[in-house]
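Residue strings, one per chain:
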Amino acid sequence: MAILAISATTSLAQQQSERYPTATELQRLREKLRQQIRSSNIQDRRSPAEKQSREAFVRTWSRVAPTISPFLGNWSGYEESLSIYPSNTSGHVCLIYIGIQEAELILATVSNGQIRTNRREVILKEGDYLGVASVRNNKPDIFVETPYSFPVSLQPPRQFAQSSGTTTEEVNKVVREFNASGCTAALPSLR
C-alpha cells in the first residue's frame, strides 16, 4: 500500500511499519512527497467519464462521511494500486492493496486529513496524489518514486482483487475479509 513504485521487498503488503511517524516526521515527509510530485512526469490519463464517475461517488459519500470521502477511489501506482473503500464504521476505510500477484486488505481510520492503517502507516493526500509514510529500521520515509495518483471509481472488491493475477484462494480471502470487516463499495443510504 505504499504510495509508490516500491520494490516487492519494501511494499506495504510485505513489511509492517515499526511505529507511526511523529508529527514532525510527517511534516518532513509531506514536503518530500510534494517534491516528488513536482518532479514526476505522471500524466492524468483518466477519461472525462472516469473523472465524473469517481467525483459523483465521492460527492455522495461526502454527505454522510466528509472525512473519508476525499480518499475514496482506485489509486494507481507503478506496478501496483490501492483501492480505498468506505466502511460501515464511521471514520474508517478499507484498503485493498494490489501488487504483482498479491492482494491484501488493510483496515484504517481517517482523522486530521490522514489515513492511519492497522500496519502503522500514514497515508498523506496531496491533490490527486497519495503517499504512504512509514518507519522502518527507525527511519521515517515515504519511499516515493511514483506516488499513487489520479483515482478512478471503485470496482467491486472481487473484480479489483482478480486484476492482480493472484490465486482464486487469495482473492476469496480478501473478499471474505472485506465483507467481514464492514467494508462496502456501495453508495450510502441518504436518509
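Refer to the structure above for everything that follows.
Residues numbered from 1 in each chain as written. Predicted model: local features only at pLDDT ≥ 70, side-chain atom pairs only at ≥ 80, totals over all residues. Heavy atoms only, no water.

J.: Quick question: what am I supposed to make of the overall build of the protein chain here?
T.: When helices and strands are tallied, the protein chain shows four helices and nine strands. Written out in order from the N terminus, the α and β elements of the protein chain read α-α-β-β-β-β-β-β-β-β-β-α-α. Within the protein chain, buried positions represent 49% of all 191 residues. In the protein chain, of all internal contacts separated by at least 6 residues, the share reaching a separation of at least 24 is 62%. (Helix = DSSP H or I, 4+ residues; strand = E, 2+ residues; numbered from the N terminus. Buried < 20%, exposed > 50% of the residue type's maximum accessible area, 1.4 Å probe, protein only. Contact = heavy atoms within 4.5 Å.)

J.: Can you help me understand the side chain of Ser149 in this one?
T.: You can see Ser149 is positioned in strand E9 (residues 148-152). Accessibility expressed as a relative area gives 6% for Ser149, which makes it buried. If we ignore the near neighbours within four places in the chain, the residues touching Ser149 are Ile42, Trp75, Ser76, Asp128 and Tyr129.

J.: Just to check I follow, could you spell out the environment of Ile115 for this structure?
T.: Structurally, the position occupied by Ile115 is in strand E5 (residues 114-117). Setting aside anything within four residues of it in sequence, one finds Ile115 in contact with Phe71, Ile84, Val93, Ala108, Thr109, Val110, Glu121, Val122 and Ile123.

J.: Explain the pairing of strand E1 (residues 73-76) to me, please; I cannot follow it from the model alone.
T.: Working note: regular strand, side chains alternate between the two faces of the sheet. In terms of strand pairing, E1 meets strand E2 (residues 81-86) through four bridges, oriented antiparallel. Counted as the bridge partner of Gly73 is Ile84 from E2. The turn linking E1 back onto E2 is made up of four residues, and Glu79 within it adopts a positive phi angle of 60°. Bridge count between E1 and E9: two bridges; the pairing is antiparallel. (Pairing = 2+ DSSP bridges.)

J.: How do you make sense of unusual backbone geometry when you look at a structure like this?
T.: Glycine aside, the phi torsion of most residues is negative, and most peptide linkages are trans. Phi at Arg120 takes a positive value of approximately 60°, unusual for a residue other than glycine. Relative to the elements of secondary structure, Arg120 occurs in the loop between E5 and strand E6 (122-126). With a relative accessible area of 32%, Arg120 lands in the partly exposed category. For Asn138, which is not glycine, the phi torsion reads 60° and is therefore positive. Assessed through its relative accessible area of 55%, Asn138 is described here as exposed.

J.: Got a minute to help me understand the state of the cysteines in this structure?
T.: Put plainly, a disulfide is one covalent bond tying together the sulfur atoms of two cysteines. This structure, assessed with the given rule, holds one disulfide. Covalent S-S linkage joins Cys94 and Cys183, the inter-sulfur distance amounting to 2.0 Å. One quick way to see it: the torsion about the S-S bond of Cys94 and Cys183 is about -85°, and its sign makes the bridge left-handed. In this pair, Cys94 is assigned in strand E3 (residues 92-99) and Cys183 in the segment after helix H4 (168-180), connecting sequence segments 89 residues apart. Taken individually, Cys94 and Cys183 each receive the classification buried, so the pair is uniform in this respect. (Disulfide = S-S within 2.5 Å.)

J.: Even after reading the chapter, I still don't get the packing of aromatic side chains, so can you show me in this structure?
T.: Each aromatic ring pair is summarised here by two numbers: the centre-to-centre distance and the angle between the ring planes. Scanning the model with the defined rule gives two aromatic pairs in all. On the numbers, 4.9 Å between centres and 80° between planes, the contact of Tyr85 with Phe178 is edge-to-face. In this pair, Tyr85 sits in strand E2 while Phe178 sits in helix H4, placing the two residues 93 residues apart along the sequence. Overall, Phe178 belongs to the buried group, its relative accessible area being 2%. Here the guanidinium or amino end of Arg116 rests over the ring plane of Tyr20, the centre of that ring lying 4.7 Å away. (Phe/Tyr/Trp six-rings, centres within 6.5 Å; stacked < 30°, edge-to-face > 60°. Lys NZ or Arg CZ within 6 Å of the ring centre and 35° of its normal.)

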